[in-house]
Amino acid sequence: MLERMFVESKAESQPSWSERLNAEQLDAVFDDSPSLLVVAGAGTGKTGTIAARVARLISEGVDPDRILLLTFTRRAAAEMLDRVASMTDRQAANRVWGGTFHSVANRLLRTHAESLGLSPSFTVLGPGDVSEMFALVRSELDQKPTRRRFPRAETLAAIYSRMVNGQVPLSEVITEHFPWCAEHHEAIREVSKLYVARKRRQQVLDYDDLLLHLRAFAASEAGGAALRARFDHVLVDEYQDTNPVQADIVLALSRNAERPGANITVVGDDAQAIYGFRAATVENLWSFTERFHGARMVSLTRNYRSTQPVLDVANGVLAQSQFLVRKELHTDVDVGPIPRLVTCDDEGAQSNWLCDELMRLRDDGLDLRDQAVLFRAGHHSAHLELELARRNIPFVKFGGLKFLEAGHIKDLLSLMRVLDNPGDELAWNRTLRMLEGVGPATVTRLLEELDVAGDPDGALRRFIDGGIAVSGRASADVARLREAWADCGVGGATDEDSDVSPAAQVDRLTELCALTFPRRYENPEARVADLEQLAVLAGGYQSRSRFLTEVVLDPPERTGDLAGPPHLDDEYLTLSTIHSAKGCEWTAVHLLHAADGNMPSDMALGDAEGLDEELRLAYVAVTRARAHLNVLFPLRYHIHRHGTDDRHHFAQLSRFFSPIRDRFDVAASGVVASAEAALDDVSVDVASEVDSFLDDLLD
C-alpha cells in the first residue's frame, strides 16, 4: 500500500498520459534501477508500459538517438514507437533506435564492417537460402559412396542453427534433438565446416552470423566500449524468447560496478515462452536478476483483455507448471460467458459443431473476423478447412508458407543479389538455373568460367559483356538477362553507382521473370502480381542493399488463400497455429484437438521441460480470448480419416484441462450429447434378446 502511494504521488507531476497507467505499470515506467525486469502477464498492457517508459525518458531529456528498443518483429517496434509519438512527438520517436535484434545487428555491423573484417556489401541469407546452401554442400559430399541416406538440407540447417543459437555442442544437439542422424555425426560436422567456409568466401552472413558477429564485437574491449558509449538505455521486448547469444549481447551493453554502460529494461512473461524449438530459453528471464547489475523485478498482473471466467481457466492451466514464476491474472470484468469444454464424437463432429457455433455467434452479432480457431500444428485444421469450404465460410490461415519461401520471390531477389554482391554463388546458382536448358552441371561450368569465386566483380562484368558460351536454347534467356542487369545498373554495395531506384529495378527484373515463369510455374500471372507487390515494398528504399537486407530480416507474411471469395464486407475467419497467434486477440477463440498427443504433442511427453513448454502453449491459446472460449475434444480419431472403414482409437482429454474441468461449462458436449439424448427416448429389451441367442448356442 505504501509503495502504491509512493508511485502515485511520484506520478502526480508527470505528463497526462501517466493517468492511464495503473500502479504496477507506473512502478515499471518510473523505476530508476540500472537493470529492470518487468514480468508482464498476458493482456496486462506491456506494449503501453514500454512505450510510456520510452516517452518518460525522452520527456526527462534523454537523447532519443541514445535509446535502443529491441523487439522480435519490425511491426512490434513500429507499434511501440507510434505510441511513444502520441505521448511525446513524432520527430523524437523517429530518432529512437527501434528494430529487431537482427536488423540492429545488421546496421551496427555495416557501420563497423571494415574494422571487423567484413565487406560493407555482405549479403544476408534468409532461412530458405541457408537450406539451399546446405543442399549445395551436401550434394558435393553425397557423391561419395559412403554417404548413404544422408540428412536433408533442411535438417542440416536446423541442426546447425540449434547448435549456434543454443551454444550447445554438435554432438549434444544430435543426441537430444536429432538422434536419427547420429550415424552421420562426423559427416554433419564436415558439411557444417564447409558451409561456414563457403559463407566467408562469398561474403554472406546468415541470421545466426549477424548475432554472433555482434556478440563478438561487443565482447571485445574496444567494440564493447564503443557500443556501451553509443546507448544510454536499452529496452528489450519479449525477453523470454531470447536465445543465449541475444542475452549475451544485452549483457555486454549493460553497465555494472566496474564499467559504464546502458541502463537495461527487459519485459517478458515466462508463461509465454513457447519458442524452445528456435533455441530460445526462458532461463534468460529467470536468471536476469542474478546476471545484471542492480536488477529489480516488477510484475504486471492486471489483465485488460479477458473476462474473469477466461482468466480462471488460464490461471488453472498456469498453476500446473513446475517451473514458472507464480502469478495470478485478474481483471475488473468479473462477468462473461463461462468457457465451454465441448466433447465431440470424432473430428467430423468437431468440425460440424464448430461451424454451427461460428454461425450462431455471427448471427448474434459477432463478426467472423473477431473469431479465431487455434490449433497446435498446422495439419490439425485439415478436416475443418474442408467443412468451412463446403459451407462457404471464408477463412484465412496463418502458419503456412512464408512470403520469402515462395520460389518466384526467391528468383527475383536472387537476380538483385547478384547485382549487389557478385560473389554470392547461391544467388548466381538460382539465377542461372532460371535459364532454359541450364542444369546443375552447366551452372558449375559457367561459375568456373566466370571465376565468380576468384573475381566476383569481374565475373558480373564478363557475363554482361557476353564473355561466356551457352547452348542455343539458353542463348535467348542469357541475352534478356544481360540486358535487364545492364538496365538496373551494375554497381557495388549500394545504389550510389546506379541512378536506378530499387523499385525500378524490381519492375525491370519482373519483366524478365514474366517471360520465364510460364514454363516454370503454375499460375504465372498470380506470381507476377506478387512481384508487383514487391516493387511497392521496394518503393520505400533508396538503396538496393538496404532493401534486400530488410526484406530478408523482416519479410512480409504470406497466408493461405481465402476459401472462396469473401463476403462483400470482407469478412473472414482466422485459422492459426498457436505459435502464429501469439500477440493477437479475438473476442471468441475456439481451440481444436484438446487431446493428449495433440496438446501436449506426443513428441514432448518424455521431457519435463518440453512438457512445460506445451503447457505454456495451452496458456497462450486460452489467453487470446476476450470473452468466448470453446475448447473442443474429439473422443475418437479414425485411422483412415477419409476411408470407408470405421477403425479408430480413443483419445484422452488433454492433461492440461482435465484437472480444471470445473472451470468449464461441460454440459454442451456436441454430437455425443445429441446421440445420448436420442437414446433416452428409446426403450429396447436387448437383454432378453441376447439371453435367447446364447441359450440357442448352448443347447
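Heads up: these notes are all about the structure in this document. Since we're looking at a predicted model, the values are computed, not measured. Every chain is numbered independently, its residues counted from 1 as its sequence is written. Two thresholds apply to this predicted model, a pLDDT of at least 70 for residue-level local features and 80 or more for giving and counting side-chain atom pairs, whereas whole-chain, interface and lining totals are computed over all residues. Only hydrogens and water are set aside; all other atoms, that is, all heavy atoms of the structure, feed into the side-chain values.

**Concerning the overall build of the protein chain**
Item 1. What counts as a helix is a DSSP run of H or I of at least four residues, what counts as a strand is a run of E of at least two, and both are numbered from the N terminus. A count of helices and strands for the protein chain gives 30 helices and 16 strands.
Item 2. Each residue gets one of three labels from its accessible area relative to the maximum for its type: buried under 20%, exposed over 50%, partly exposed in between, using a 1.4 Å probe on protein chains only. Counting over 699 residues, the protein chain shows a buried share of 54%.
Item 3. Contacts are residue-level and defined by heavy atoms, with any inter-residue pair within 4.5 Å sufficient. Excluding contacts between residues fewer than 6 apart, the proportion of contacts in the protein chain whose partners are at least 24 apart in sequence is 76%.
Item 4. Each accessible area value is a Shrake-Rupley result obtained with a 1.4 Å probe; residue values ignore everything except the protein chains displayed when judging cover. With an accessible surface of roughly 31100 Å², the protein chain has 51% of that area assigned to carbon and sulfur atoms.

**Re the sheet that holds strand 10 (residues 371–375)**
Item 1. Ordered in space as 9-14-13-10-12-11, the 6 strands form an open sheet in which the pairing is parallel. Strands at the two margins of the open sheet, each flanked by one partner only, are strand 9 (340–344) and strand 11 (395–398). Ignoring strand direction, the axes of neighbouring strands in this sheet form an average angle of 20°.
Item 2. Sheet topology note: the strand 13 (residues 586–591)/strand 14 (residues 625–634) ladder contains 5 bridges and is parallel. The residue of strand 14 that forms the bridge with tryptophan 586 is alanine 625. At least two bridges found by DSSP between two strands is the condition for calling them paired. Lines fitted to C-alpha atoms define the axes, with helix axes restricted to the stretch in contact, and inter-axis angles between N-to-C directions lie between 0 and 180 degrees.

**Focus: unusual backbone geometry**
Item 1. With an omega dihedral of 10°, the bond running from methionine 599 to proline 600 counts as a cis peptide bond.
Item 2. Along the chain, proline 600 falls in the loop between strand 13 and helix 28 (608–622).
Item 3. Here the phi dihedral of asparagine 392 falls at roughly 60°; this positive angle occurs in a residue that is not glycine.
Item 4. Structurally, the position occupied by asparagine 392 is in the loop between helix 18 (382–390) and strand 11.
Item 5. Among the residues examined, asparagine 392 registers a relative accessible area of 46% and is labelled partly exposed.
Item 6. Notably, aspartate 451 is not glycine yet its phi reads approximately 60°, a positive angle.
Item 7. Looking at the secondary structure, you find aspartate 451 in the loop between helix 21 (440–450) and helix 22 (456–464).

**Some points on the sheet that holds strand 1 (residues 35–40)**
Either a parallel or an antiparallel arrangement is found when strands of a sheet pair, and the pairing is made through backbone hydrogen bonds.
Item 1. In spatial order, the strands read 3-2-6-7-1-8; together these 6 strands make up an open sheet with parallel pairing. If you trace the sheet from one side to the other, it starts and ends with strand 3 (97–100) and strand 8 (295–300), each paired once. Put simply, the sheet's adjacent strands are angled 15° from each other on average, direction ignored.
Item 2. Bridge analysis of strand 1 against strand 7 (residues 263–268) gives 5 bridges, and the strand direction is parallel.

**Points about the nonpolar core**
In a soluble, globular protein the nonpolar side chains are often hidden away together inside.
Item 1. With 85 residues, the main nonpolar core has Val234, Trp428, Phe463, Trp485 and Phe547 as its most contacted residues.
Item 2. Counting residues in hydrophobic clusters, the runner-up holds 43 residues, among them Ala581, Trp586, Ala625 and Leu653. By nonpolar core is meant a set of buried Ala, Val, Leu, Ile, Met, Phe, Trp, Tyr and Cys residues that side-chain atoms within 4.5 Å join together.

**Details of the packing of helix 3 (residues 46–59) against helix 4 (residues 74–87)**
For any two helices packed against each other, the geometry comes down to the angle between their axes and how far apart the axes lie.
Item 1. Relative to each other, helix 3 and helix 4 sit at 50°, their axes nearing to 8 Å. On the basis of the axis angle, helix 3 is oblique to helix 4. Here the hand of the crossing between helix 3 and helix 4 comes out right-handed. Across the interface between the two elements, Thr47, Gly48, Ile50, Ala51, Ala52, Val54, Ala55 and Ile58 from helix 3 touch Glu79, Met80, Arg83, Val84 and Met87 from helix 4.
Item 2. The classification used treats Ala, Val, Leu, Ile, Met, Phe, Trp, Tyr, Cys and Pro as nonpolar, Asp, Glu, Lys and Arg as charged, and all other residues, Gly among them, as polar. Among the residues making up the contact of helix 3 with helix 4, the classes are represented as 9 nonpolar, 2 polar and 2 charged. Any angle between 65 and 115 degrees counts as roughly perpendicular, while under 35 counts as roughly parallel, over 145 as roughly antiparallel, and the rest as oblique. Helix crossings are classified by the rotation of the near helix relative to the far one: an anticlockwise turn of less than a right angle makes the crossing left-handed, while a clockwise turn makes it right-handed.

**Section: a nonpolar patch on the surface**
Item 1. Patch membership is restricted to residues that have no salt bridge and whose relative accessible area is over 30%. Joining uses 9 Å for like charges and 5 Å for the nonpolar side chains Val, Leu, Ile, Met, Phe, Trp and Tyr. One speaks of a salt bridge when a side-chain nitrogen belonging to Lys or Arg is within 4 Å of a carboxyl oxygen belonging to Asp or Glu. Together, Val690, Phe693 and Leu694 give the surface a local cluster of nonpolar side chains, amounting to about 280 Å² of exposed area.
Item 2. As for its position among the elements, leucine 694 is in helix 30 (residues 686–698).
Item 3. Classification of leucine 694 as partly exposed rests on a relative accessible area of 40%.

**Remarks on helix 13 (residues 244–253)**
Item 1. Counting buried residues along helix 13, 8 of its 10 residues qualify, which places the element largely inside the surrounding structure.
Item 2. Two to three positions downstream of the cap, the backbone nitrogen of valine 245 sits 3.0 Å from a side-chain oxygen, assigning the N-cap of helix 13 to asparagine 243. In protein, a polar contact means a hydrogen-donor-capable atom and an acceptor-capable atom, both N or O and within 3.5 Å, with residues adjacent in sequence counting only if both atoms are side-chain atoms; elsewhere, any N or O pair within 3.5 Å suffices.

**Points about the pairing of strand 10**
Item 1. Burial within strand 10 is extensive, with 5 of its 5 residues counted as buried.
Item 2. Burial of strand 10 is two-sided: the residues Gln371, Val373 and Phe375 facing one way and the residues Ala372 and Leu374 facing the other way are all buried.
Item 3. The pairing of strand 10 with strand 13 spans 4 bridges and is parallel. Looking across to strand 13, one finds that leucine 374 is bridged to leucine 591.
Item 4. Strand direction decides the pairing type here: strand 10 and strand 12 (residues 573–577), joined by 4 bridges, are parallel. Each residue of the ladder has a partner; that of valine 373, found in strand 12, is leucine 575.

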